[in-house]
Amino acid sequence: MVRLFCQTKMNALAATNRNFKLASRLLGLDSKLEKSLLIPFREIKVECTLPKDDGTLVSYVGFRIQHDNARGPMKGGIRYHPEVDPDEVNALAQLMTWKTAVANIPYGGAKGGIGCNPGELSISELERLTRVFTQKIHDLIGIHTDVPAPDMGTDPQTMAWILDEYSKFHGYSPAVVTGKPIDLGGSLGRDAATGRGVLFATEALLNDQGKSIAGQRFVIQGFGNVGSWAAQLIHEAGGKVVAVSDVSGAIKDKNGIDIPSLIKHVKEHKGVKGFSGANAIEGSSILVEDCDILIPAALGGVINRENAKDIKAKYIIEAANHPTDPEADEILSKKGVIILPDIFANSGGVTVSYFEWVQNIQGFMWDEEKVNAELKKYIQQGFKDVKEMCKTHNCDLRMGAFTLGLNRVARATVLRGWEA
Ligand SMILES: NC(=O)C1=CN([C@@H]2O[C@H](COP(=O)(O)OP(=O)(O)OC[C@H]3O[C@@H](n4cnc5c(N)ncnc54)[C@H](OP(=O)(O)O)[C@@H]3O)[C@@H](O)[C@H]2O)C=CC1
Ligand SMILES: O=C(O)CCC(=O)C(=O)O
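Treat the numbers as computed from the prediction; the structure is a model and nothing was measured.

**Description of the site of ligand 1**
Here is step 1: Around ligand 1 sit 26 residues in total, of which Gly222, Gly224, Val247, Ala298 and Gly349 are the nearest.
Here is step 2: Elements that contribute at least two residues to the shell around ligand 1 include exactly helix 8 (225–236) and strand 7 (240–246).
Here is step 3: A total of 3 residues in the shell around ligand 1 trace back to one element, the largest contributor, which is helix 8.
Here is step 4: Classifying every residue of the shell around ligand 1 gives 10 nonpolar, 14 polar and 2 charged.
Here is step 5: Mapping the shell around ligand 1 onto the domain boundaries places at least three of its residues in each of domain 1 (40–173) and domain 2 (194–340).

**Re the UniProt feature "site: Important for catalysis" (unreviewed entry) in the chain**
Here is step 1: Mapped onto this numbering, the UniProt entry gives "site: Important for catalysis" (unreviewed entry) at Asp151.
Here is step 2: Examined against the element boundaries, aspartate 151 turns out to sit in the loop between strand 5 (146–150) and helix 6 (156–170).
Here is step 3: For aspartate 151, the contacting residues outside a window of four places in its chain are Gly77, Ile78 and Arg79.

**Describing the UniProt feature "binding site: NAD(+)" (unreviewed entry) in the chain**
Here is step 1: In this structure's numbering, the residues bearing the UniProt feature "binding site: NAD(+)" (unreviewed entry) are Thr194 and Asn225. Sequence-wise these annotated residues cover 32 residues; spatially they are packed, their C-alpha atoms never more than 8.1 Å apart.
Here is step 2: Residue placement: threonine 194 occurs in helix 7 (residues 190–208).

**A look at the packing of helix 7 against helix 12 (residues 348–362)**
Here is step 1: In contact at an axis separation of 7 Å, helix 7 and helix 12 are set at 135 degrees when each is read in the N-to-C sense. Between helix 7 and helix 12, the interaxial angle falls into the category oblique. Of the two elements, helix 7 crosses helix 12, and the hand of that crossing is right-handed. Mapping the contact onto sequence places Arg190, Ala193, Thr194, Arg196, Gly197, Val198 and Phe200 in helix 7 and Gly348, Gly349, Thr351, Val352, Ser353 and Glu356 in helix 12.
Here is step 2: Tallied by class, the residues present in the contact of helix 7 with helix 12 amount to 4 nonpolar, 6 polar and 3 charged.

**Some details on the pairing of strand 2 (residues 57–68)**
Here is step 1: As defined by bridge partners, strand 1 (residues 42–51) adjoins strand 2 across 10 bridges and the pair is classed as antiparallel. Bridge pairing links proline 51 to leucine 57 in strand 2.
Here is step 2: Here strand 1 hands over to strand 2 after 5 residues, with glycine 55 in that stretch at a positive phi of 95 degrees.
Here is step 3: Both strand 2 and strand 4 (residues 109–114) contribute to a ladder of 6 bridges, which runs antiparallel. Within strand 4, the residue paired with aspartate 68 across the bridge is glycine 109.

**Concerning the sheet that holds strand 5**
Whenever strands of a sheet pair, they do so through backbone hydrogen bonds, lying parallel or antiparallel.
Here is step 1: Taken in spatial order, the 5 strands of this open sheet run 1-2-4-3-5, and their pairing is mixed. Strands with a single pairing partner mark the edges of an open sheet, and in this sheet they are strand 1 and strand 5. Here the strands of the sheet are splayed against their neighbours by 20 degrees on average, with no regard to which way each runs.
Here is step 2: Along the sheet, helix 5 (residues 123–137) contacts strand 1, strand 2 and strand 4; its crossing angle with strand 1, the most-contacted strand, is approximately 140 degrees.

**Points about unusual backbone geometry**
Here is step 1: Here asparagine 104, not a glycine, exhibits a phi torsion of approximately 60 degrees, which is positive.
Here is step 2: Locating asparagine 104 in the fold gives a position in the loop between helix 4 (86–103) and strand 4.
Here is step 3: Of the residues examined, asparagine 104 has 17 C-beta atoms within 10 Å and is grouped as partly exposed.
Here is step 4: Here the phi dihedral of lysine 270 falls at roughly 60 degrees; this positive angle occurs in a residue that is not glycine.
Here is step 5: Mapped onto the secondary structure, lysine 270 falls in the loop between helix 9 (259–269) and strand 9 (279–281).

**Observations concerning the environment of glycine 300**
Here is step 1: By the secondary structure assignment, glycine 300 is in the loop between strand 10 (293–296) and strand 11 (315–317).
Here is step 2: Among the residues examined, glycine 300 registers 25 C-beta atoms within 10 Å and is labelled buried.
Here is step 3: Linking glycine 300 and glutamate 330, residues 30 residues apart in sequence, is a C-alpha distance of 17 Å.
Here is step 4: If sequence neighbours within four positions are ignored, glycine 300 has contacts with Ala12, Glu88, Ala320, Asn321, His322 and Pro323.

**So, the pairing of strand 10**
Here is step 1: Residue alternation in strand 10 divides its side chains into two sets, Ile293 and Ile295 and Leu294 and Pro296, and both sets are buried.
Here is step 2: Note that strand 6 (residues 217–221) and strand 10 share 4 bridges and pair parallel. Bridging across to strand 10, valine 219 finds its partner in leucine 294.
Here is step 3: Sheet analysis places strand 10 next to strand 11, joined by 2 bridges and oriented parallel. Pairing of leucine 294 across the sheet is with isoleucine 316, part of strand 11.

The rules behind these values
The written sequence of each chain sets the order in which its residues are numbered from 1. Naming scheme: in the order in which they are written, chains are lettered from A and ligands are numbered from 1. The predicted origin of the model limits local features to residues at a pLDDT of at least 70 and limits the giving and counting of side-chain atom pairs to 80 or more, whereas totals for whole chains, interfaces and linings rest on all residues. Proximity of a residue to a molecule or strand is defined by its backbone-placed C-beta atom lying within 6 Å of that partner. The way it works is that DSSP assigns letters per residue, a run of H or I at least four long becomes a helix, a run of E at least two long becomes a strand, and they are numbered from the N terminus. In the scheme used here, Gly and all other residues not listed as nonpolar or charged are polar, with Ala, Val, Leu, Ile, Met, Phe, Trp, Tyr, Cys and Pro taken as nonpolar and Asp, Glu, Lys and Arg as charged. Domain delimitation in this document rests on an assignment produced automatically or drawn from a domain database. UniProt positions are given in the numbering used here, feature names are shortened, and annotations may be inferred rather than shown by experiment. Note on contacts: residues are paired as contacts if their backbone-placed C-beta atoms lie within 7 Å. Between N-to-C directions, angles cover 0 to 180 degrees, with each direction set by a line fitted to C-alpha atoms, over the stretch in contact for helices. Orientation categories follow fixed angle ranges, with anything under 35 degrees roughly parallel, anything over 145 roughly antiparallel, 65 to 115 roughly perpendicular, and all other angles oblique. The crossing is said to be left-handed when, going from far helix to near helix, the turn is anticlockwise and less than a right angle, and right-handed when the turn is clockwise. Note on pairing: two strands pair once DSSP finds at least 2 bridges between them. Exposure classes come from backbone-placed C-beta atoms, where a residue is buried if 20 or more other C-beta atoms lie within 10 Å of its own, exposed if 12 or fewer do, and partly exposed in between.

What follows is the structure, given as C-alpha coordinates:
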(Lines give C-alpha, C1' and ligand atoms only; values in the text may rest on other atoms or scores of the structure.)
(Ligands and ions follow the chains in the order given, each with its own letter.)
Protein backbone atom coordinates (compact mmCIF):
# COMPACT_ATOMS: atom_id res chain seq x y z
CA MET A 1 0.00 0.00 0.00
CA VAL A 2 2.73 2.45 1.02
CA ARG A 3 4.64 1.64 -2.17
CA LEU A 4 1.60 2.57 -4.24
CA PHE A 5 1.52 6.05 -2.73
CA CYS A 6 5.26 6.50 -3.29
CA GLN A 7 5.03 5.71 -7.01
CA THR A 8 5.53 8.73 -9.23
CA LYS A 9 4.43 6.93 -12.42
CA MET A 10 0.71 6.21 -12.93
CA ASN A 11 -0.46 2.78 -14.05
CA ALA A 12 -0.49 2.96 -17.87
CA LEU A 13 -4.03 1.62 -18.21
CA ALA A 14 -5.42 3.95 -15.55
CA ALA A 15 -3.76 6.89 -17.31
CA THR A 16 -5.08 5.89 -20.75
CA ASN A 17 -8.58 5.23 -19.40
CA ARG A 18 -8.56 8.65 -17.76
CA ASN A 19 -7.86 10.33 -21.11
CA PHE A 20 -10.51 8.14 -22.75
CA LYS A 21 -13.12 9.21 -20.16
CA LEU A 22 -12.29 12.90 -20.57
CA ALA A 23 -12.67 12.64 -24.35
CA SER A 24 -15.85 10.58 -24.06
CA ARG A 25 -17.35 13.27 -21.83
CA LEU A 26 -16.42 16.00 -24.32
CA LEU A 27 -18.13 14.01 -27.08
CA GLY A 28 -21.14 13.21 -24.87
CA LEU A 29 -20.98 9.46 -25.62
CA ASP A 30 -23.59 7.39 -23.83
CA SER A 31 -22.47 4.83 -21.28
CA LYS A 32 -23.28 1.79 -23.46
CA LEU A 33 -21.22 3.06 -26.37
CA GLU A 34 -18.46 4.09 -23.98
CA LYS A 35 -18.34 0.52 -22.65
CA SER A 36 -18.18 -1.00 -26.16
CA LEU A 37 -15.30 1.29 -27.03
CA LEU A 38 -13.31 0.73 -23.87
CA ILE A 39 -13.45 -3.04 -23.32
CA PRO A 40 -10.85 -4.98 -25.36
CA PHE A 41 -12.12 -7.39 -28.00
CA ARG A 42 -9.75 -10.20 -26.96
CA GLU A 43 -6.85 -10.60 -24.49
CA ILE A 44 -4.38 -13.36 -25.29
CA LYS A 45 -1.83 -14.59 -22.76
CA VAL A 46 0.54 -17.43 -23.64
CA GLU A 47 3.42 -19.25 -21.99
CA CYS A 48 6.42 -19.43 -24.31
CA THR A 49 8.91 -22.08 -23.26
CA LEU A 50 12.32 -21.46 -24.73
CA PRO A 51 15.14 -24.00 -24.89
CA LYS A 52 18.18 -21.78 -24.20
CA ASP A 53 21.49 -22.29 -26.02
CA ASP A 54 22.90 -24.05 -22.92
CA GLY A 55 20.07 -26.62 -22.93
CA THR A 56 18.08 -25.20 -20.00
CA LEU A 57 14.39 -24.36 -20.38
CA VAL A 58 13.07 -20.89 -19.56
CA SER A 59 9.45 -19.76 -19.76
CA TYR A 60 8.37 -16.28 -20.83
CA VAL A 61 4.86 -14.80 -20.81
CA GLY A 62 3.65 -13.33 -24.09
CA PHE A 63 0.60 -11.14 -24.66
CA ARG A 64 -1.45 -9.97 -27.62
CA ILE A 65 -4.28 -7.64 -26.69
CA GLN A 66 -6.71 -7.01 -29.52
CA HIS A 67 -8.60 -3.90 -28.54
CA ASP A 68 -10.99 -2.96 -31.34
CA ASN A 69 -11.76 -3.85 -34.96
CA ALA A 70 -14.74 -1.65 -35.82
CA ARG A 71 -12.77 0.23 -38.51
CA GLY A 72 -10.74 -2.70 -39.88
CA PRO A 73 -8.13 -5.33 -38.96
CA MET A 74 -6.42 -4.76 -35.64
CA LYS A 75 -2.92 -3.32 -35.93
CA GLY A 76 0.00 -2.69 -33.62
CA GLY A 77 3.52 -3.56 -32.62
CA ILE A 78 5.06 -6.37 -30.59
CA ARG A 79 7.40 -5.30 -27.82
CA TYR A 80 10.20 -7.34 -26.18
CA HIS A 81 11.09 -5.68 -22.89
CA PRO A 82 11.54 -6.81 -19.26
CA GLU A 83 8.80 -4.39 -18.09
CA VAL A 84 6.08 -5.72 -20.43
CA ASP A 85 2.94 -6.27 -18.33
CA PRO A 86 -0.70 -6.91 -19.28
CA ASP A 87 -1.98 -3.52 -18.11
CA GLU A 88 0.55 -1.65 -20.19
CA VAL A 89 -0.05 -3.82 -23.28
CA ASN A 90 -3.77 -3.22 -22.79
CA ALA A 91 -3.20 0.54 -22.68
CA LEU A 92 -0.94 0.40 -25.73
CA ALA A 93 -3.55 -1.63 -27.66
CA GLN A 94 -6.25 0.91 -26.83
CA LEU A 95 -3.93 3.75 -27.92
CA MET A 96 -3.46 1.95 -31.27
CA THR A 97 -7.24 2.03 -31.84
CA TRP A 98 -7.35 5.83 -31.39
CA LYS A 99 -4.08 6.27 -33.33
CA THR A 100 -5.23 4.44 -36.47
CA ALA A 101 -8.47 6.42 -36.33
CA VAL A 102 -6.62 9.75 -35.95
CA ALA A 103 -4.42 8.78 -38.91
CA ASN A 104 -7.63 7.84 -40.76
CA ILE A 105 -6.30 4.49 -41.92
CA PRO A 106 -8.68 1.49 -42.08
CA TYR A 107 -7.54 -0.38 -38.99
CA GLY A 108 -8.41 -1.03 -35.38
CA GLY A 109 -5.87 -1.44 -32.58
CA ALA A 110 -3.82 -4.18 -30.94
CA LYS A 111 -0.48 -4.55 -29.19
CA GLY A 112 1.67 -7.46 -28.08
CA GLY A 113 4.70 -8.12 -26.01
CA ILE A 114 6.89 -10.65 -24.31
CA GLY A 115 8.35 -9.94 -20.87
CA CYS A 116 11.98 -10.64 -21.67
CA ASN A 117 15.25 -8.77 -22.01
CA PRO A 118 16.20 -9.17 -25.69
CA GLY A 119 19.72 -7.87 -24.94
CA GLU A 120 20.34 -10.98 -22.81
CA LEU A 121 19.22 -13.49 -25.48
CA SER A 122 21.33 -14.75 -28.39
CA ILE A 123 20.02 -14.35 -31.94
CA SER A 124 19.06 -18.03 -32.10
CA GLU A 125 17.25 -17.77 -28.74
CA LEU A 126 15.34 -14.72 -30.00
CA GLU A 127 14.41 -16.61 -33.15
CA ARG A 128 13.16 -19.66 -31.18
CA LEU A 129 11.20 -17.44 -28.77
CA THR A 130 9.56 -15.53 -31.65
CA ARG A 131 8.64 -18.78 -33.42
CA VAL A 132 7.13 -20.29 -30.22
CA PHE A 133 5.11 -17.09 -29.64
CA THR A 134 3.89 -17.17 -33.26
CA GLN A 135 2.88 -20.84 -32.96
CA LYS A 136 0.74 -19.89 -29.95
CA ILE A 137 -1.05 -16.95 -31.61
CA HIS A 138 -1.03 -17.80 -35.35
CA ASP A 139 -4.72 -18.68 -35.52
CA LEU A 140 -5.69 -15.37 -33.88
CA ILE A 141 -3.70 -13.03 -36.15
CA GLY A 142 -4.00 -12.66 -39.94
CA ILE A 143 -4.00 -10.31 -42.92
CA HIS A 144 -7.61 -9.26 -42.31
CA THR A 145 -7.82 -9.85 -38.55
CA ASP A 146 -4.68 -8.60 -36.76
CA VAL A 147 -1.39 -7.47 -38.32
CA PRO A 148 1.64 -7.15 -35.98
CA ALA A 149 4.65 -4.84 -36.51
CA PRO A 150 7.88 -3.94 -34.64
CA ASP A 151 7.95 -1.93 -31.40
CA MET A 152 10.59 -1.59 -28.66
CA GLY A 153 13.08 -4.45 -28.70
CA THR A 154 11.84 -5.97 -31.98
CA ASP A 155 12.87 -5.22 -35.56
CA PRO A 156 12.44 -6.32 -39.21
CA GLN A 157 14.21 -9.63 -38.48
CA THR A 158 11.63 -10.40 -35.75
CA MET A 159 8.88 -9.73 -38.32
CA ALA A 160 10.62 -12.05 -40.82
CA TRP A 161 10.51 -14.91 -38.26
CA ILE A 162 6.81 -14.27 -37.52
CA LEU A 163 6.05 -14.18 -41.27
CA ASP A 164 7.91 -17.44 -41.84
CA GLU A 165 6.33 -19.29 -38.89
CA TYR A 166 2.84 -18.00 -39.72
CA SER A 167 3.31 -19.03 -43.38
CA LYS A 168 3.99 -22.65 -42.31
CA PHE A 169 0.38 -22.82 -41.09
CA HIS A 170 -1.38 -20.54 -43.59
CA GLY A 171 0.75 -20.44 -46.78
CA TYR A 172 3.08 -17.62 -47.76
CA SER A 173 1.55 -14.45 -46.27
CA PRO A 174 3.79 -11.38 -46.40
CA ALA A 175 0.90 -9.02 -45.44
CA VAL A 176 0.48 -10.72 -42.03
CA VAL A 177 3.17 -8.42 -40.57
CA THR A 178 4.52 -5.00 -41.48
CA GLY A 179 7.92 -3.48 -40.77
CA LYS A 180 9.50 -6.59 -42.33
CA PRO A 181 12.72 -6.61 -44.39
CA ILE A 182 12.44 -5.14 -47.92
CA ASP A 183 13.52 -8.52 -49.38
CA LEU A 184 10.35 -10.10 -47.92
CA GLY A 185 7.92 -7.41 -49.08
CA GLY A 186 8.71 -4.66 -46.59
CA SER A 187 8.07 -1.08 -47.64
CA LEU A 188 10.77 1.37 -48.53
CA GLY A 189 10.66 4.10 -45.91
CA ARG A 190 9.07 2.01 -43.09
CA ASP A 191 12.28 1.89 -41.06
CA ALA A 192 12.46 5.69 -40.89
CA ALA A 193 8.69 6.26 -40.91
CA THR A 194 8.00 6.87 -37.21
CA GLY A 195 10.94 9.31 -36.96
CA ARG A 196 9.96 10.97 -40.26
CA GLY A 197 6.38 11.25 -39.05
CA VAL A 198 7.70 12.91 -35.86
CA LEU A 199 9.54 15.43 -38.07
CA PHE A 200 6.44 16.16 -40.20
CA ALA A 201 4.22 16.44 -37.11
CA THR A 202 6.69 18.81 -35.44
CA GLU A 203 6.85 20.91 -38.62
CA ALA A 204 3.05 21.08 -38.75
CA LEU A 205 2.88 22.26 -35.12
CA LEU A 206 5.69 24.80 -35.48
CA ASN A 207 4.29 26.17 -38.77
CA ASP A 208 0.97 26.66 -36.98
CA GLN A 209 2.87 28.69 -34.40
CA GLY A 210 4.68 30.75 -37.07
CA LYS A 211 7.96 28.92 -36.40
CA SER A 212 10.20 26.38 -38.15
CA ILE A 213 12.53 23.51 -37.19
CA ALA A 214 15.69 25.43 -38.11
CA GLY A 215 17.48 26.75 -35.04
CA GLN A 216 15.19 25.04 -32.49
CA ARG A 217 17.05 23.17 -29.71
CA PHE A 218 15.92 19.55 -29.26
CA VAL A 219 16.47 17.00 -26.49
CA ILE A 220 15.73 13.36 -27.34
CA GLN A 221 15.29 10.52 -24.83
CA GLY A 222 15.89 7.15 -26.54
CA PHE A 223 18.15 6.57 -29.53
CA GLY A 224 16.66 3.40 -31.03
CA ASN A 225 14.63 3.20 -34.23
CA VAL A 226 12.39 6.19 -33.49
CA GLY A 227 14.81 8.44 -31.58
CA SER A 228 17.75 8.02 -33.96
CA TRP A 229 15.68 8.60 -37.11
CA ALA A 230 13.97 11.62 -35.55
CA ALA A 231 17.40 13.01 -34.55
CA GLN A 232 18.87 12.46 -38.01
CA LEU A 233 15.95 14.06 -39.87
CA ILE A 234 15.71 16.99 -37.44
CA HIS A 235 19.47 17.54 -37.82
CA GLU A 236 19.09 17.52 -41.64
CA ALA A 237 16.22 20.02 -41.35
CA GLY A 238 18.46 22.47 -39.45
CA GLY A 239 17.34 21.67 -35.89
CA LYS A 240 19.98 21.53 -33.15
CA VAL A 241 19.92 18.29 -31.15
CA VAL A 242 21.58 19.41 -27.88
CA ALA A 243 21.17 16.26 -25.74
CA VAL A 244 20.40 12.57 -26.29
CA SER A 245 20.12 9.51 -24.05
CA ASP A 246 19.70 5.74 -24.16
CA VAL A 247 20.14 2.99 -21.57
CA SER A 248 23.95 3.25 -21.80
CA GLY A 249 23.98 6.94 -20.78
CA ALA A 250 23.29 10.52 -21.81
CA ILE A 251 25.29 13.19 -23.66
CA LYS A 252 24.99 16.92 -24.20
CA ASP A 253 26.46 19.68 -26.37
CA LYS A 254 24.72 23.05 -26.28
CA ASN A 255 26.10 23.89 -29.74
CA GLY A 256 24.39 20.84 -31.26
CA ILE A 257 25.53 17.21 -31.49
CA ASP A 258 26.91 15.93 -34.81
CA ILE A 259 24.15 13.32 -35.32
CA PRO A 260 25.67 11.39 -38.29
CA SER A 261 28.86 10.86 -36.21
CA LEU A 262 26.78 9.82 -33.19
CA ILE A 263 24.88 7.28 -35.29
CA LYS A 264 28.21 5.78 -36.41
CA HIS A 265 29.37 5.65 -32.78
CA VAL A 266 26.15 3.93 -31.64
CA LYS A 267 26.48 1.30 -34.39
CA GLU A 268 30.03 0.48 -33.23
CA HIS A 269 29.57 0.77 -29.45
CA LYS A 270 25.88 -0.20 -29.02
CA GLY A 271 25.05 3.03 -27.18
CA VAL A 272 25.61 6.79 -26.93
CA LYS A 273 27.99 6.36 -23.97
CA GLY A 274 31.58 7.32 -24.73
CA PHE A 275 30.77 9.55 -27.74
CA SER A 276 33.73 11.91 -27.92
CA GLY A 277 31.84 14.77 -29.62
CA ALA A 278 29.74 15.67 -26.53
CA ASN A 279 29.84 15.76 -22.71
CA ALA A 280 28.45 12.94 -20.58
CA ILE A 281 25.55 13.90 -18.29
CA GLU A 282 23.33 12.00 -15.83
CA GLY A 283 20.71 9.93 -17.72
CA SER A 284 18.08 10.97 -15.17
CA SER A 285 18.50 14.68 -16.05
CA ILE A 286 17.76 14.32 -19.78
CA LEU A 287 14.08 15.31 -19.55
CA VAL A 288 14.81 18.52 -17.66
CA GLU A 289 17.70 19.70 -19.85
CA ASP A 290 17.39 23.20 -21.27
CA CYS A 291 15.84 23.08 -24.78
CA ASP A 292 12.93 24.34 -26.88
CA ILE A 293 11.54 20.94 -27.83
CA LEU A 294 11.64 17.71 -25.83
CA ILE A 295 11.12 14.39 -27.64
CA PRO A 296 10.61 11.36 -25.37
CA ALA A 297 11.29 8.35 -27.66
CA ALA A 298 11.70 5.47 -25.20
CA LEU A 299 9.43 4.27 -22.38
CA GLY A 300 5.98 5.22 -21.10
CA GLY A 301 5.24 7.28 -17.99
CA VAL A 302 8.63 9.01 -17.95
CA ILE A 303 7.10 12.49 -17.61
CA ASN A 304 5.20 12.44 -14.34
CA ARG A 305 4.26 14.57 -11.36
CA GLU A 306 7.80 14.28 -9.98
CA ASN A 307 9.68 15.87 -12.90
CA ALA A 308 6.98 17.83 -14.83
CA LYS A 309 7.57 21.03 -12.88
CA ASP A 310 11.28 21.02 -13.83
CA ILE A 311 10.79 20.56 -17.57
CA LYS A 312 12.15 23.55 -19.48
CA ALA A 313 10.95 22.72 -23.00
CA LYS A 314 8.17 24.82 -24.52
CA TYR A 315 6.99 21.89 -26.64
CA ILE A 316 6.88 18.13 -26.04
CA ILE A 317 6.55 15.85 -29.07
CA GLU A 318 5.48 12.39 -27.87
CA ALA A 319 7.41 10.00 -30.11
CA ALA A 320 7.10 7.29 -27.41
CA ASN A 321 3.73 5.85 -26.45
CA HIS A 322 2.11 7.39 -23.34
CA PRO A 323 5.29 9.09 -22.09
CA THR A 324 3.24 11.70 -20.14
CA ASP A 325 1.04 10.90 -17.13
CA PRO A 326 -2.26 12.83 -16.86
CA GLU A 327 -0.97 14.43 -13.64
CA ALA A 328 2.05 15.77 -15.54
CA ASP A 329 -0.28 16.94 -18.34
CA GLU A 330 -2.02 19.20 -15.84
CA ILE A 331 1.22 20.61 -14.44
CA LEU A 332 2.66 21.23 -17.91
CA SER A 333 -0.53 22.79 -19.22
CA LYS A 334 -0.46 25.31 -16.34
CA LYS A 335 3.13 26.15 -17.35
CA GLY A 336 2.00 26.73 -20.97
CA VAL A 337 3.91 23.76 -22.41
CA ILE A 338 2.34 22.52 -25.65
CA ILE A 339 2.22 18.72 -26.01
CA LEU A 340 1.80 16.98 -29.35
CA PRO A 341 0.23 13.68 -28.21
CA ASP A 342 1.51 10.21 -29.05
CA ILE A 343 -1.59 9.07 -30.95
CA PHE A 344 -0.87 11.76 -33.51
CA ALA A 345 2.88 12.49 -33.12
CA ASN A 346 4.10 8.90 -33.63
CA SER A 347 1.45 7.82 -36.14
CA GLY A 348 3.97 7.90 -39.02
CA GLY A 349 5.04 4.32 -38.26
CA VAL A 350 1.62 2.74 -38.47
CA THR A 351 0.72 4.93 -41.46
CA VAL A 352 3.62 3.53 -43.48
CA SER A 353 2.75 0.06 -42.13
CA TYR A 354 -0.62 0.62 -43.81
CA PHE A 355 1.17 1.55 -47.06
CA GLU A 356 3.23 -1.65 -46.72
CA TRP A 357 0.11 -3.79 -46.24
CA VAL A 358 -1.56 -2.10 -49.23
CA GLN A 359 1.55 -2.76 -51.39
CA ASN A 360 1.55 -6.44 -50.31
CA ILE A 361 -2.12 -6.84 -51.14
CA GLN A 362 -1.70 -5.00 -54.48
CA GLY A 363 1.49 -6.96 -55.21
CA PHE A 364 3.06 -3.68 -56.33
CA MET A 365 5.97 -1.84 -54.73
CA TRP A 366 6.00 1.95 -54.30
CA ASP A 367 9.20 4.00 -54.55
CA GLU A 368 10.43 5.74 -51.41
CA GLU A 369 9.53 9.19 -52.72
CA LYS A 370 5.89 8.17 -53.01
CA VAL A 371 5.91 6.62 -49.50
CA ASN A 372 7.36 9.78 -47.93
CA ALA A 373 5.11 12.14 -49.90
CA GLU A 374 1.98 10.15 -48.91
CA LEU A 375 3.13 10.08 -45.29
CA LYS A 376 3.53 13.87 -45.30
CA LYS A 377 -0.04 14.26 -46.67
CA TYR A 378 -1.49 12.00 -43.95
CA ILE A 379 0.38 13.80 -41.14
CA GLN A 380 -0.57 17.26 -42.40
CA GLN A 381 -4.22 16.23 -42.74
CA GLY A 382 -4.10 14.61 -39.28
CA PHE A 383 -2.85 17.87 -37.75
CA LYS A 384 -5.66 19.85 -39.42
CA ASP A 385 -8.25 17.32 -38.19
CA VAL A 386 -6.89 17.39 -34.62
CA LYS A 387 -6.88 21.22 -34.58
CA GLU A 388 -10.47 21.25 -35.82
CA MET A 389 -11.52 19.07 -32.86
CA CYS A 390 -9.59 21.39 -30.50
CA LYS A 391 -11.68 24.28 -31.84
CA THR A 392 -14.96 22.38 -31.63
CA HIS A 393 -14.38 21.17 -28.08
CA ASN A 394 -12.23 24.05 -26.83
CA CYS A 395 -9.56 21.61 -25.68
CA ASP A 396 -5.82 20.92 -25.86
CA LEU A 397 -4.12 18.84 -28.57
CA ARG A 398 -4.31 15.59 -26.55
CA MET A 399 -8.08 15.89 -26.15
CA GLY A 400 -8.31 17.07 -29.78
CA ALA A 401 -6.64 13.84 -30.90
CA PHE A 402 -8.59 11.63 -28.47
CA THR A 403 -11.97 13.12 -29.46
CA LEU A 404 -11.05 12.75 -33.15
CA GLY A 405 -10.09 9.10 -32.70
CA LEU A 406 -12.99 8.17 -30.42
CA ASN A 407 -15.52 9.90 -32.66
CA ARG A 408 -14.38 8.00 -35.76
CA VAL A 409 -14.41 4.63 -33.96
CA ALA A 410 -17.76 5.43 -32.33
CA ARG A 411 -19.31 6.18 -35.73
CA ALA A 412 -18.07 2.87 -37.16
CA THR A 413 -19.28 1.00 -34.06
CA VAL A 414 -22.78 2.43 -34.33
CA LEU A 415 -22.93 1.85 -38.11
CA ARG A 416 -22.07 -1.80 -37.52
CA GLY A 417 -24.72 -2.06 -34.80
CA TRP A 418 -22.15 -3.04 -32.19
CA GLU A 419 -22.93 -0.66 -29.32
CA ALA A 420 -23.65 -2.77 -26.23
N1 LIG B 1 9.09 1.43 -33.87
C2 LIG B 1 8.00 2.08 -34.24
O3 LIG B 1 7.63 2.11 -35.44
C4 LIG B 1 7.17 2.82 -33.25
C5 LIG B 1 7.58 2.98 -31.94
N6 LIG B 1 6.84 3.77 -31.09
C7 LIG B 1 7.26 4.00 -29.71
O8 LIG B 1 8.52 4.67 -29.69
C9 LIG B 1 9.25 4.28 -28.52
C10 LIG B 1 10.61 3.76 -28.94
O11 LIG B 1 10.44 2.64 -29.80
P12 LIG B 1 11.60 2.12 -30.77
O13 LIG B 1 12.50 3.23 -31.12
O14 LIG B 1 10.94 1.33 -31.82
O15 LIG B 1 12.34 1.11 -29.81
P16 LIG B 1 13.87 0.63 -29.87
O17 LIG B 1 13.92 -0.62 -29.11
O18 LIG B 1 14.39 0.69 -31.26
O19 LIG B 1 14.62 1.79 -29.06
C20 LIG B 1 14.30 2.13 -27.75
C21 LIG B 1 15.30 3.15 -27.26
O22 LIG B 1 14.95 3.58 -25.96
C23 LIG B 1 16.10 3.45 -25.13
N24 LIG B 1 15.70 3.33 -23.74
C25 LIG B 1 15.06 2.31 -23.14
N26 LIG B 1 14.90 2.58 -21.84
C27 LIG B 1 15.43 3.82 -21.64
C28 LIG B 1 15.60 4.66 -20.52
N29 LIG B 1 15.14 4.28 -19.32
N30 LIG B 1 16.22 5.85 -20.67
C31 LIG B 1 16.69 6.24 -21.89
N32 LIG B 1 16.56 5.49 -22.98
C33 LIG B 1 15.94 4.29 -22.85
C34 LIG B 1 16.85 2.26 -25.68
O35 LIG B 1 18.18 2.26 -25.23
P36 LIG B 1 19.15 0.99 -25.53
O37 LIG B 1 19.26 0.90 -27.04
O38 LIG B 1 20.42 1.41 -24.89
O39 LIG B 1 18.47 -0.18 -24.93
C40 LIG B 1 16.74 2.57 -27.17
O41 LIG B 1 17.65 3.59 -27.53
C42 LIG B 1 8.38 3.26 -27.80
O43 LIG B 1 7.59 3.93 -26.85
C44 LIG B 1 7.49 2.72 -28.93
O45 LIG B 1 6.29 2.19 -28.44
C46 LIG B 1 5.72 4.41 -31.51
C47 LIG B 1 5.27 4.27 -32.79
C48 LIG B 1 5.90 3.40 -33.73
O1 LIG C 1 3.36 -0.15 -37.47
C2 LIG C 1 2.49 -0.64 -36.76
O3 LIG C 1 1.63 -1.40 -37.16
C4 LIG C 1 2.37 -0.31 -35.29
C5 LIG C 1 3.42 0.57 -34.72
C6 LIG C 1 3.17 0.71 -33.25
O7 LIG C 1 3.25 -0.26 -32.52
C8 LIG C 1 2.80 1.99 -32.70
O9 LIG C 1 2.42 2.89 -33.45
O10 LIG C 1 2.84 2.14 -31.46
